[in-house]
Amino acid sequence: MTTPPRTDAPARRAGARRPLQLGAAVAAATLVVALVDPHEQGRYGICPFLLVTGHPCAACGCLRATHDLAHGDVAGAWDMNPLWVLTVPVLVVAWVVWLVRAVRGAGPVAELLPRRVRAALPWVVAAVVLGFTVLRNVPALAPVLAP
Amino acid sequence: MSTPNEPQDPYAAGNQPGAGGQPPQYPGQPPQYGTPQYGAPQPPQYGAPQAPQYGAPQYDPGQYGGTPGYAPYGYPKNSLAVWSLVLGILGFVACGLFSAIPAIIVGGSAKRAVAAGQANNGGMATAGIILGWVATILSIIGLVLFFVIINSVGWDQFMDDIQSGDYTTTY
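All figures in this text were calculated on a predicted structure; none of them were measured in a lab. (Residues numbered from 1 in each chain as written. Chains lettered and ligands numbered in written order. Predicted model: local features only at pLDDT ≥ 70, side-chain atom pairs only at ≥ 80, totals over all residues. Heavy atoms only, no water.)

Things to note about the overall build of chain A
Where we set the bar: By definition, any uninterrupted DSSP run of H or I lasting at least four residues is a helix, any uninterrupted run of E lasting at least two residues is a strand, and each is numbered from the N terminus. A 1.4 Å probe rolled over the protein chains alone gives each residue an accessible area, and that area as a share of the maximum for its type sets the label: buried under 20%, exposed over 50%, partly exposed in between. In what follows, a contact means two residues having at least one pair of non-hydrogen atoms within 4.5 Å. Methods summary: accessible areas were calculated by the Shrake-Rupley approach with a probe of 1.4 Å, and residue burial reflects only the protein chains presented.
Each helix and strand counted, chain A has seven helices and zero strands in total. The N-to-C order of helical and strand elements in chain A reads α-α-α-α-α-α-α. For chain A, the proportion of its 147 residues judged to be buried stands at 29%. Looking at chain A alone, contacts between residues at least 24 apart form 53% of all its contacts between residues at least 6 apart. Surface accessibility of chain A: about 8800 Å² in total, with carbon and sulfur atoms responsible for 70%.

Structural data, given as C-alpha cells:
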C-alpha cells in the first residue's frame, strides 16, 4: 500500500479511492448474501473442505452468519460462526480508520499498531484460524462453535 | 600511573580502598563518572560499560527471517513476507485459493520490498509464494475434478446427497 503525499487534496482523494472501492465491493457482496439466502443448501455451492473432510473449517457458516447479521439476527449469526461475529466489528472499525486516515492523508493504518503487535499479527491470525478449525471439530465444543 | 585512584588492583597490598575517595567496587568498572584521573581507555561518559552497548542488533532475529518485532531499524516491511507465508499455509491447509491468491500477491510485494532494501526475509516470501501457487493449482484441479465427477452423476443426485447431510457418498 503506497502512502499518498500529504499536502495534496487530489492525491488524498486518490488515497481514499482504495478504501472506498474495497468498501463498495464488500457492501455489494454483503447485499448479495443478504438477499440470496445461504441457509438453503447449495445456493452458493459447497465448500470443498467440508466436502472432502466432512468437517467444518474455520470459515464454515460465515456466509450464513453474514446473512443473519444483515438481517439483524445476531444470536443466529453467533450460532453459525462465533469467530466471524467477533471479527466483523473489528474489520469494520479497521476499514473506517483506514478511510479516515486516507482522506486526511496520514500514513498507513499499520503505523497505528506498535511494531511487535504488527510483527506478531500474522502468526496470531494463523493460530486463531487453525485453532478454531480444530476446536470446532472437537465433539464437546461442536454444539457451541460449529454451525 | 600508580596513583591511589587507580582501581586496577584492589587486592594488592597497600592499595587501600577509599584512598583518594574512589573505592573500586568491581575490578575494571569505572567507579565514578567523569573522573579525570581515570587512565583507562574507556571514557566514562559511555556509562555502564558492563553490558555491550552494541547488543541491540545482535539480538535482532531478523537473521531468522524477520519474525517478531525487535523490528530492526532498516526493515520495516518484514511483516509482508510473514503474511505471505501464513496465508500460504492457510491456503494449503484449509482455504484453498481464497487465501492462496492473496499469498501470491503479498509475497510479490514482499519480494519487491526485499529488492528495495526494506525487508530481509526474501526466503520466507518465496515460501509463501510457492505455497500460494501450489494451493491455487491444487484448488483449480480440485474444482475441475469436482465438476467432472458431478457431471457423471448429475447435479440433482449430488444435491440430494448433500441435503441429506451425508457427505460420505462416493461416486
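Re the overall build of chain B
Helix and strand counts for chain B stand at five helices and zero strands. Tracing chain B from N to C terminus, the helices and strands come up as α-α-α-α-α. Considering chain B as a whole, with its 171 residues, one finds that 34% of them fall into the buried category. Total accessible area on chain B stands at roughly 10600 Å², and carbon and sulfur atoms take up 63% of it.

What to know about helix α3 (residues 62-70) of chain A
If you check which residues of α3 of chain A are buried, you get Cys-62, Ala-65, Thr-66, His-67 and Asp-68 of chain A. Immediately downstream of α3 of chain A, the backbone of Gly-72 of chain A shows phi near 85°, a positive value.

Some details on the packing of aromatic side chains
Residues and elements named next belong to chain B. To keep it simple, the criterion reads: Pairs were defined over the aromatic rings of Phe, Tyr and Trp, the Trp ring being its six-membered one, requiring ring centres within 6.5 Å. Orientation was assigned from the angle between planes: stacked under 30 degrees, edge-to-face over 60, tilted for the rest.
Applying the stated criterion across every chain yields a total of one aromatic pair over all chains. Residues Phe-146 and Phe-147 carry aromatic rings whose centres are separated by 5.4 Å and whose planes lie at 75° to one another, so their mutual orientation is edge-to-face. Residue class for Phe-146 comes out buried when judged on its relative accessible area of 18%.

Let's talk about the environment of His-55 of chain A
All names here are of chain A. Note that His-55 resides in the loop between α2 (48-53) and α3. With 78 residues separating them along the chain, His-55 and Thr-133 place their C-alpha atoms 8.8 Å apart. Setting aside residues up to four positions removed in sequence, His-55 forms contacts with Phe-49, Leu-50 and Asn-137.

Looking at the nonpolar core
For the record, the criterion: Side-chain atoms within 4.5 Å are what join buried Ala, Val, Leu, Ile, Met, Phe, Trp, Tyr and Cys residues into a set we call a nonpolar core.
If you look at the biggest cluster of nonpolar residues, it comprises 13 residues, and the most contacted ones within it are Ala-81, Val-86 and Met-124 of chain B. Elements that contribute at least two residues to this core include exactly α6 (115-136) of chain A together with α2 (78-95) and α4 (122-153) of chain B. If you tally residues by element for this core, the top one is α2 of chain B, at five residues. Ranked by size, the runner-up nonpolar core spans five residues in total, among them Ile-46 of chain A together with Phe-146, Ile-150 and Phe-158 of chain B.

Some points on the confidence of the model for chain B
Residues and elements named next belong to chain B. Note the cut-off: Scored from 0 to 100, pLDDT reflects the predictor's confidence in each residue.
For chain B, mean pLDDT is 68; residues scoring 70 or higher make up 50% of the total. Predicted confidence in chain B is weakest over helix α1 (residues 55-58), with a mean pLDDT of 44, and strongest over helix α3 (residues 97-115), with 90. In the model, residues 14-66 has pLDDT below 50 throughout and makes 51 contacts with residues more than four positions away in sequence or in other chains. Taken together, the chains of this predicted complex give a pTM of 0.63 and an interface ipTM of 0.73.

Examining the packing of α2 of chain B against α3 of chain B
Residue and element names in this part refer to chain B. Heads up, the rule is: Orientation is described by lines fitted to C-alpha atoms, with helices fitted over the stretch in contact, and by angles between N-to-C directions that extend from 0 to 180 degrees. Our angle categories are set so that under 35 degrees counts as roughly parallel, over 145 as roughly antiparallel, 65 to 115 as roughly perpendicular, and the remainder as oblique. Each helix crossing is assigned a hand: it is left-handed if the near helix lies turned anticlockwise from the far helix by less than a right angle, otherwise right-handed if that turn is clockwise. For this classification, the nonpolar set comprises Ala, Val, Leu, Ile, Met, Phe, Trp, Tyr, Cys and Pro, the charged set comprises Asp, Glu, Lys and Arg, and every other residue, Gly included, is treated as polar.
The contact between α2 and α3 brings their axes to 7 Å, and the two run at 160°. Considering their axes alone, α2 and α3 lie roughly antiparallel with respect to each other. When the axes of α2 and α3 are compared, the crossing they make is left-handed. Taken together, the residues of α3 that come into contact with α2 (itself represented by Leu-80, Ala-81, Trp-83, Ser-84, Leu-87, Gly-88, Leu-90, Gly-91 and Cys-95) are Leu-97, Phe-98, Ser-99, Ala-100, Pro-102, Ala-103, Val-106, Gly-107, Ser-109, Ala-110 and Ala-113. Of the residues in the contact of α2 with α3, the class split is 14 nonpolar, six polar and no charged.

What about the state of the cysteines?
Residue and element names in this part refer to chain A. Filter applied, for reference: Disulfides are defined as cysteine sulfur pairs within 2.5 Å.
Evaluated as defined, the whole model comprises zero disulfides over all chains. We note that Cys-60 lacks a disulfide partner, and the nearest cysteine sulfur, in Cys-57, lies 6.0 Å from it. Given a relative accessible area of 11%, Cys-60 falls into the buried group. With no disulfide of its own, Cys-62 lies 7.8 Å from the sulfur of Cys-57, the closest cysteine sulfur.

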